[in-house]
Amino acid sequence: MQLYWTTVLVPFRGYRELHRDIWKMLMDRREKKLLFRVGELQPDNCMPILIQSQYQTRVPPVNSGVTVKSVLQKDIPIGKGLRFRFSADVQMEKRPAQAKTEGKPRKVSRVFVTDAAEQREWFQFRVEGNERRGMPKAGELVGELKMAPRMLPGLPSRWGWQRVEGVIDVTNPEQMTHLIQHGIGRGDVFGCGLVLLEAV
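The following refers to the structure shown. (Residues numbered from 1 in each chain as written. Predicted model: local features only at pLDDT ≥ 70, side-chain atom pairs only at ≥ 80, totals over all residues. Heavy atoms only, no water.)

### Some points on helix H1 (residues 15–26)
Here is the rule: Each helix is a run of DSSP H or I of at least 4 residues and each strand a run of E of at least 2, with the numbering of both proceeding from the N terminus. To estimate the expected span of a helix, count its residues, drop one, and scale the result by 1.5 Å. Residue exposure (1.4 Å probe, protein chains only): buried if accessible area is under 20% of the type maximum, exposed if over 50%, otherwise partly exposed. Note that the arc is defined by the directions from the helix axis to the C-beta atoms. Here, residues are in contact when the closest pair of their heavy atoms is within 4.5 Å.
The terminal C-alpha atoms of H1, which comprises 12 residues, lie 16 Å apart, in line with the 16 Å expected from a rise of 1.5 Å per residue. Looking at H1, one finds that the buried residues are Tyr-15, Leu-18, His-19, Asp-21, Ile-22, Met-25 and Leu-26. Along H1, the residues classed as buried sweep out an arc of 165 degrees about the axis, all on the same side. Among the exposed residues of H1, those pointing more than 90 degrees away from its buried face are Arg-16 and Lys-24. Check the buried side of H1 and you find it contacts strand E1 (2–11), strand E2 (35–38) and strand E3 (46–53).

### Describing the pattern of salt bridges
Going by this rule: Salt bridge, as used here, is a side-chain nitrogen of Lys or Arg placed within 4 Å of a carboxyl oxygen of Asp or Glu.
Applying the stated criterion across every chain yields a total of nine salt bridges. Across the salt bridge formed by Arg-186 and Glu-93, the nearest N and O atoms sit 3.5 Å from each other. Taken together, the residues Arg-186 in the loop between helix H3 (173–182) and strand E12 (195–199) and Glu-93 in strand E6 (residues 93–94) connect sequence positions 93 residues apart. According to the relative accessible area criterion, Arg-186 is exposed, its value standing at 54%. Here Glu-140 and Lys-137 are joined by a salt bridge, their closest N and O atoms 2.4 Å apart. Judged by its relative accessible area of 32%, Lys-137 is partly exposed. One network of salt bridges, in which partners are shared, links Arg-37, Asp-89, Arg-150 and Arg-163.

### Overview of the pairing of E1
Applied cut-off: If DSSP finds at least two bridges between two strands, the strands pair.
With eight bridges connecting them, E1 and strand E4 (residues 67–75) associate as antiparallel partners. Residue Val-8 lies in a different strand from E4, and its bridge partner there is Val-68. Here E1 runs beside E3; their pairing, made up of eight bridges, is antiparallel. The residue bridging Thr-7 from the neighbouring strand is Leu-50, located in E3.

### A word on the nonpolar core
We apply this condition: As used here, the term nonpolar core means buried Ala, Val, Leu, Ile, Met, Phe, Trp, Tyr and Cys residues forming a set that is joined through side-chain atoms within 4.5 Å.
By size, the foremost hydrophobic cluster in this structure holds 29 residues, and its most contacted members are Phe-86 and Phe-123. Ranked by the residues each element gives to this core, the list is headed by strand E5 (residues 83–91), at four residues. Setting aside anything within four residues of it in sequence, one finds Phe-86 in contact with Phe-123, Leu-141, Leu-145, Val-164, Glu-165, Gly-166, Val-167, Ile-168, Val-195, Leu-196 and Leu-197.

### What to know about the sheet that holds E2
For clarity, the cut-off: Structural elements are reduced to axes, namely lines fitted to C-alpha atoms, with helices fitted over the stretch in contact, and the angle between N-to-C directions of any two is expressed from 0 to 180 degrees.
The four strands lie next to each other as E2-E3-E1-E4, forming an open sheet whose pairing is antiparallel. Each edge of the open sheet is held by one strand with a lone partner, namely E2 and E4. Going from strand to strand, the sheet's axes swing by 20 degrees on average, the running direction of each strand aside. Along the sheet, H1 makes contact with E1, E2 and E3, crossing E3 at roughly 55 degrees.

By themselves, these observations are geometric and do not establish any function.
Structure representation (structure tokens):
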């Protein structure tokens, strides 16, 4: 699987604007989803962004204010039995029970996973799957997961951001490829979901 990692500096006007600007200026239309990781907001209000994509990003317009710092391209074989060290920033959110008012569903607030044991179970379910619940398995997690809160600039910590690191043995190359292309969980607009891999 061919992947490109592009590091850019982008003027920061908000996460949704950031997501839109990157898509509009840099991304190939064949890309399935925009996956990126944010860095620390700079004093000049520029945000460092690491973009992972299957296709090389486009050159930004001269007057856009976007600066490309580096581009790295690498072929990563995703085969059964291969082992990878991974790192992922994820937003852990669970589906709340639907409440009803006078027989009609009532809108309920989003629920974020904050308990450490539930966070591990949330991540494990999305990687190792569950046949009974229709979630295909991408691989087998090896050893303990390392988890730490991930504070994103300008966003509340209660939203359940976590940086998860560990080791995985690939058992289903097709599903593992899907995880890399589509990310894990929600929050991709805020720079969550991207899975970085390193062969072990």
